[in-house]
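Single-letter residue listing:
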Amino acid sequence: MKVVDTVAAMRDARRQAKGTVGLVPTMGYLHEGHLTLVRWARRQTEVVVVSIFVNPTQFGPNEDFDRYPRDPQRDLALLEREGTDIVFMPLASEMYPQGFSSWVDVEGITDRLEGVFRPGHFRGVATVVAKLFNIVEPHRAYFGEKDAQQLRVIQKMVADLNMNLEIVPVPTVREADGLAMSSRNAYLNPQERQSALALYKSLTLAQGLYAQGERDAETIRRRMIQLIEKEPGAKIDYVSLADPDTLEELDRIEGPALASLAVRIGTTRLIDNMMLGGGN
Ligand code: PAF
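Residues numbered from 1 in each chain as written. Predicted model: local features only at pLDDT ≥ 70, side-chain atom pairs only at ≥ 80, totals over all residues. Heavy atoms only, no water.

Visitor: Tell me what's going on with the side chain of Asp 237, and back it up with residues and numbers.
Guide: Structurally, the position occupied by Asp 237 is in strand E7 (residues 234–242). Classification of Asp 237 by relative accessible area gives buried; the value is 14%. A polar atom in the side chain of Asp 237 sits 3.0 Å from the side chain of Arg 264. Once residues lying within four places of it in the same chain are set aside, the contact partners of Asp 237 are Phe 117, Ala 262, Val 263, Arg 264 and Arg 269. (Helix = DSSP H or I, 4+ residues; strand = E, 2+ residues; numbered from the N terminus. Buried < 20%, exposed > 50% of the residue type's maximum accessible area, 1.4 Å probe, protein only. Polar contact = N/O pair within 3.5 Å; in protein donor to acceptor, adjacent residues only side chain to side chain. Contact = heavy atoms within 4.5 Å.)

In structure tokens:
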């Protein structure tokens, strides 16, 4: 496994790569969710590149950039075990050198959901992902469905800007009790870990109501909110039932709908989603 930390070294390694290249972009502190992305890339492509970069531009001024969990040595050991070929771990100064001033803005779908609560977040995500695509030049890139809006923003960027690669969505990996895997779960104390289950429970409640024939979006939203509000320490940012493509809120569910939510458990902000009808 080759570990490189400069753009020049990454390009060099890319030039030597033979066959199809799969990229798994991450911010490190890897868990089973990330390793599942790596395994998909390993199965589908000949050369697997994983990037580890805690991207400062996607964090707001009052967000958790400084305390975001980091453990590069453990990450490298895990990636080695998965048969990763190249790990790209650039410094911020390498990705954003002095004078950096070009940004990728995906308009429309970034105004909703996460975009309302994290202004500028998707501009940072789209910009760093576009840079990674330009540096690594992968044939395929792998993203988790847990970040449903991020996945759509990246798919739209790739389509709008004619980027020449395939985006592969990978289903959310969950703990045994249903909590979606996330690096931020590491912030939860045991009591908060229990409360965090409210996200999964409210999504399965939504799926259950939908399966019983409920099609009024507000009724489903209300039931989800009631369930979460019973949980001590849980504060809802949003509970959404939206069109899966445009992410516009629905009144009635006629076709597939994306149920998604963001909830703060103590000081930890968690997101999750599930499809109602149809696949993700
Ligand atoms: O999902 C993430 O971990 C990040 O948003 C990504 C895609 C690696 C960009 O920094």
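Visitor: Run through the site of the ligand, naming residues and quoting values.
Guide: Neighbouring the ligand are Pro 25, Thr 26, Met 27, Asn 55, Gln 58, Val 128, Phe 143, Asp 147 and Gln 150. A distance of 2.6 Å separates an oxygen atom of the ligand from a polar atom in the side chain of Gln 58. Within the contact set of the ligand, an oxygen atom lies 2.7 Å away from a side-chain nitrogen or oxygen of Gln 150. Protein chains bury 89% of the 290 Å² of accessible surface belonging to the ligand in isolation. (Near = heavy atom within 4 Å. Areas by Shrake-Rupley, 256 points an atom, 1.4 Å probe, with all protein chains shown as cover.)

Visitor: Give a detailed account of unusual backbone geometry, specifying residues and quantitative values.
Guide: Among all residues save glycine, negative phi is the norm, and among peptide bonds the norm is trans. Backbone geometry at Asn 162 places phi at a positive 50 degrees, although glycine is not the residue there. The topology assignment puts Asn 162 in the loop between helix H7 (148–160) and strand E6 (166–170). Since its relative accessible area comes to 66%, Asn 162 is described here as exposed.

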